[in-house]
Amino acid sequence: MKWTRTALGVALLLALVSHLAAHSSDDLVYGYECRIGLCQKVELSEENYAKAISLPVCRLFCGSSIGTLWPKPTGTVRLDTLMRQVDISFIDFNFNGTARQQKLWRAAEDRFMDMLEAQIPDRKVLARGGYRMSVNINTPDEPTPARLTLDTDESYTLDIDTDASGHVLANITAANFFGARHGLETLAQLIVYDDIRREVQVTANATINDAPLYKWRGLLLDTSRNYYSVKSIKRTLEGMALVKLNTFHWHITDSHSFPLEVKKRPELHKLGAYSQRQVYTRRDVAEVVEYGRVRGIRVMPEFDAPAHVGEGWQHKNMTACFNAQPWKSFCVEPPCGQLDPTVNEMYDVLEDIYGTMFDQFNPDIFHMGGDEVSTSCWNSSQPIQQWMKKQGWGLETADFMRLWGHFQTEALGRVDKVANGTHTPIILWTSGLTEEPFIDEYLNPERYIIQIWTTGADPKVKKILERGYKIIVSNYDALYLDCGGAGWVTDGNNWCSPYIGWQKVYDNSLKSIAGDYEHHVLGAEGAIWSEQIDEHTLDNRFWPRASALAERLWSNPAEGWRQAESRLLLHRQRLVDNGLGAEAMQPQWCLQNEHECPIDAYDAQV
């Protein structure tokens with residue numbers, strides 16, 4: 001039997017009546033009715049019990065073919081309106097073809113159950129009973145540990161059905177763990193807590209075919225300028241998993257601090273960390289990497305060089321302009337510091353740093369940084385000047401770019417050495433080295449991926465794309481989520497103000513940025529540079545704006561932000577339920593009174 005939308009409230013009446021005796025009228029005040037495609041809030045009474053349903057149930061079926069799913073699926077979505085009460089004590093998982101991935105799937109199962117528990121405000125009032133539910137995962141039996149790469153197929157199919165006894169069957173089919181994990185994430189969004197009936201309910205019949213549009217869907221976190229606990233990093237990874245983001249770009253070190261333990265070079269973190277309690281040990285890194293993998297996320301390290309180094313490198317005579325003053329003459333922010341490319345022993349240290357990162361992260365792609373190199377910094381060093389003159393070079397900009405090219409060639413050789421000659425793809429930031437004519441001389445488009453941090457309209461982006469480079473977009477005018485705040489080296493506002501609203505993030509079209517070269521775009525990253533952010537303010541700077549980015553990268557909707565707003569309001573509540581301090585978007589009244597807050601909501605009726 002199938003229930004129509006108009007009959008949904010009537011069909012649920014029997015379940016409601018059975019609970020009225022257990023709850024006073026004070027407990028049940030408001031419900032919702034679907035009217036003209038909108039969930040409208042109504043005061044509960046004996047007369048309207050037959051029509052009123054809870055907000056999460058109403059929003060699943062009222063006015064949208066995709067319900068409250070976030071991010072928006074790219075393929076077929078069919079959601080029937082029949083809801084089944086689920087007994088969460090009787091949810092079983094069957095992992096077909098995953099014998100070599102049991103540990104990974106058990107962790108995913110535990111997380112799934114935690115998400116269901118997060119929806120229940122009070123276990124004491126949860127209604128007893130409900131139907132059994134089986135979750136069947138169908139993937140090939142992979143012979144090697146699951147590892148996300150650019151070639152990974154992240155698609156999945158989710159089918160939910162109910163047999164004659166009421167037993168709910170959820171079948172997820174995918175090519176690998178990562179696709180199946182996304183299917184499990186979608187299933188979790190179709191299970192809601194009905195606060196009228198005090199039940200956990202699932203849509204009893206559904207079919208969803210889904211796959212991401214972009215392969216690279218990421219967030220960057222800078223943990224050098226301010227330190228973030230492992231707990232706060234895990235919280236970020238949890239939020240990413242909720243919206244199917246798949247890359248955590250870990251900008252671990254910078255000139256401000258070196259908080260990473262490098263086994264062969266312990267002096268780096270001993271001298272470079274803010275304190276010995278603020279160090280990412282080998283155990284910490286392994287924990288973060290595995291926590292991300294369970295959630296379908298690659299954790300990619302960046303070692304930014306030759307600029308953005310300083311603390312931790314003391315006593316080595318391998319840097320230039322370290323903490324030089326006045327800093328504005330040598331770098332973009334204090335403290336200054338760059339590696340000295342003329343010191344051969346410096347590359348041995350780099351090799352040990354790279355070796356630690358490859359050993360612990362096993363990256364399929366590696367980020368070598370490469371931004372904001374200051375020629376004036378190198379030109380302030382007499383040993384560097386003397387070395388360049390010995391080579392027969394001058395001291396002009398082109399000569400320092402040649403020095404930079406020398407560094408990049410030598411450093412890349414050390415990366416290849418620790419990677420056992422696998423020629424791991426390398427990411428570099430847009431910089432002087434990615435401009436003409438230097439990009440043609442020093443950077444092979446078959447090897448390098450360029451991460452764009454200039455504005456989306458920068459004509460230099462097209463010049464990079466014309467040369468055949470793959471790119472990752474992080475245009476600061478839409479995806480730098482630390483923008484908007486007081487100045488910290490002067491008065492006024494920080495350099496990239498104003499604050500970027502979620503609407504601008506959502507409408508940041510990669511196709512518009514790349515034009516005819518969209519096929520060269522791997523995806524995008526939202527970034528938090530941590531000059532004025534730490535773990536106590538992290539959540540509300542990422543969320544829910546990172547969710548807006550996630551939908552843009554997963555499905556690239558043809559529609560703008562307005563069609564997503566009401567879904568995002570409800571999704572933001574899901575983030576909060578799962579422990580993220582997501583920033584409020586509107587008064588809660590707007591969540592409970594759909595379509596009543598936009599300033600132009602009724603313009604067409606005037």
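Just so it is clear, the model here is predicted, and its values are computed rather than measured. (Residues numbered from 1 in each chain as written. Predicted model: local features only at pLDDT ≥ 70, side-chain atom pairs only at ≥ 80, totals over all residues. Heavy atoms only, no water.)

Student: Help me understand the pattern of salt bridges in this model?
Tutor: Two side chains with opposite charge may pair up if their charged atoms get near one another. By the definition in use, this model includes 37 salt bridges. Across the pair R132 and D92 runs a salt bridge whose closest N-O atoms are separated by 3.3 Å. With R132 in strand β5 (residues 131-138) and D92 in strand β4 (residues 83-96), this residue pair connects regions lying 40 residues apart in the sequence. Its relative accessible area of 42% is what places R132 among the partly exposed residues. Note that D222 is salt-bridged to R225, the shortest N-O span being 3.0 Å. In this structure D222 comes out as buried when scored by relative accessible area, which is 0%. Taken together, the salt bridges that share partners define one network made up of R111, R181, E185, E238, R295 and R574. (Salt bridge = Lys/Arg side-chain N within 4 Å of Asp/Glu carboxyl O. Helix = DSSP H or I, 4+ residues; strand = E, 2+ residues; numbered from the N terminus. Buried < 20%, exposed > 50% of the residue type's maximum accessible area, 1.4 Å probe, protein only.)

Student: It is not clear to me how the nonpolar core should be interpreted in this structure. Could you clarify?
Tutor: Where a protein is soluble and globular, its nonpolar side chains tend to be buried together. Within the largest apolar cluster, 174 residues are counted, with the highest numbers of intra-cluster contacts made by F303, W313 and W543. It is helix α8 (residues 344-361) that provides the largest number of residues to this core, a total of 9 residues. Beyond its immediate stretch of four places on either side in the chain, W313 contacts F258, L268, F303, M318, T319, L339, M346, V349 and I353. Listed in part, the 8 residues of the second largest apolar core include L150, M300, I449 and I472. (Core = buried A, V, L, I, M, F, W, Y, C linked by side-chain atoms within 4.5 Å. Contact = heavy atoms within 4.5 Å.)

Student: Looking at this structure, how should I read α8?
Tutor: A turn of α-helix holds 3.6 residues, and therefore any two residues three or four places apart point the same way. When the terminal C-alpha atoms of α8 are compared, their 26 Å separation across 18 residues agrees well with the 26 Å that a helix rising 1.5 Å per residue should span. Of all 18 residues in α8, 13 are buried; the element is thus mostly enclosed. Two residues or fewer past α8, N362 is found with a positive phi of approximately 45°. (Expected span 1.5 Å × (residues − 1).)

Student: I keep staring at the UniProt feature "active site" (unreviewed entry) in the protein chain and nothing clicks. Help me out?
Tutor: Taken from the UniProt record, the annotation "active site" (unreviewed entry) applies to E372. Note that E372 resides in the loop between β16 (366-367) and α9 (375-379). Overall, the relative accessible area of 30% leaves E372 in the partly exposed class. Separated by 2.8 Å, the side chains of E372 and H308 make a polar contact. (UniProt positions renumbered as here; feature names shortened; annotations may be inferred. Polar contact = N/O pair within 3.5 Å; in protein donor to acceptor, adjacent residues only side chain to side chain.)

Student: Explain the state of the cysteines to me, please; I cannot follow it from the model alone.
Tutor: What we call a disulfide is simply a covalent bond connecting the sulfur atoms of a pair of cysteines. Counting across every chain of the model gives 6 disulfides. The side chain of C331 participates in a disulfide bridge whose partner is C336; the two sulfur atoms lie 1.9 Å from each other. The sign of the -75° torsion about the S-S bond sets the C331-C336 disulfide as left-handed. Neither residue differs from the other here; C331 and C336 are each classed as buried. In this model C590 forms its disulfide with C597; the gap between the sulfur atoms is 2.0 Å. As the torsion about the S-S bond is roughly -85°, the C590-C597 disulfide counts as left-handed. Exposure remark for C590: the relative accessible area of 8% places this residue in the buried category. Judged by relative accessible area, C597 falls into the partly exposed class, the value being 31%. In the protein chain, numbering the disulfide-bonded cysteines from first to last in sequence yields the connectivity 1-4, 2-3, 5-8, 6-7, 9-10, 11-12. (Disulfide = S-S within 2.5 Å.)

Student: Just to check I follow, could you spell out the sheet that holds strand β6 (residues 156-162) for this structure?
Tutor: Adjacent strands of a sheet form backbone hydrogen bonds with each other and so pair up, either parallel or antiparallel. Pairing within the open sheet is mixed, and its 8 strands lie in the order β3-β10-β6-β7-β5-β4-β9-β8. Of all the strands in the sheet, the pair left with one neighbour each is β3 (77-79) and β8 (191-194). On average, each strand axis in the sheet is tilted by 25° relative to the strand beside it, whichever way the strands run. By the bridge criterion, 3 bridges tie β3 to strand β10 (residues 206-210) in an arrangement that is antiparallel. Its bridge partner lying in β10, R78 is registered against T207. Across the face of the sheet, helix α3 (residues 102-119) comes into contact with β4, β5 and β8 while running at roughly 170° to β4. (Pairing = 2+ DSSP bridges. Axes fitted to C-alpha atoms, helices over the stretch in contact; angles between N-to-C directions.)

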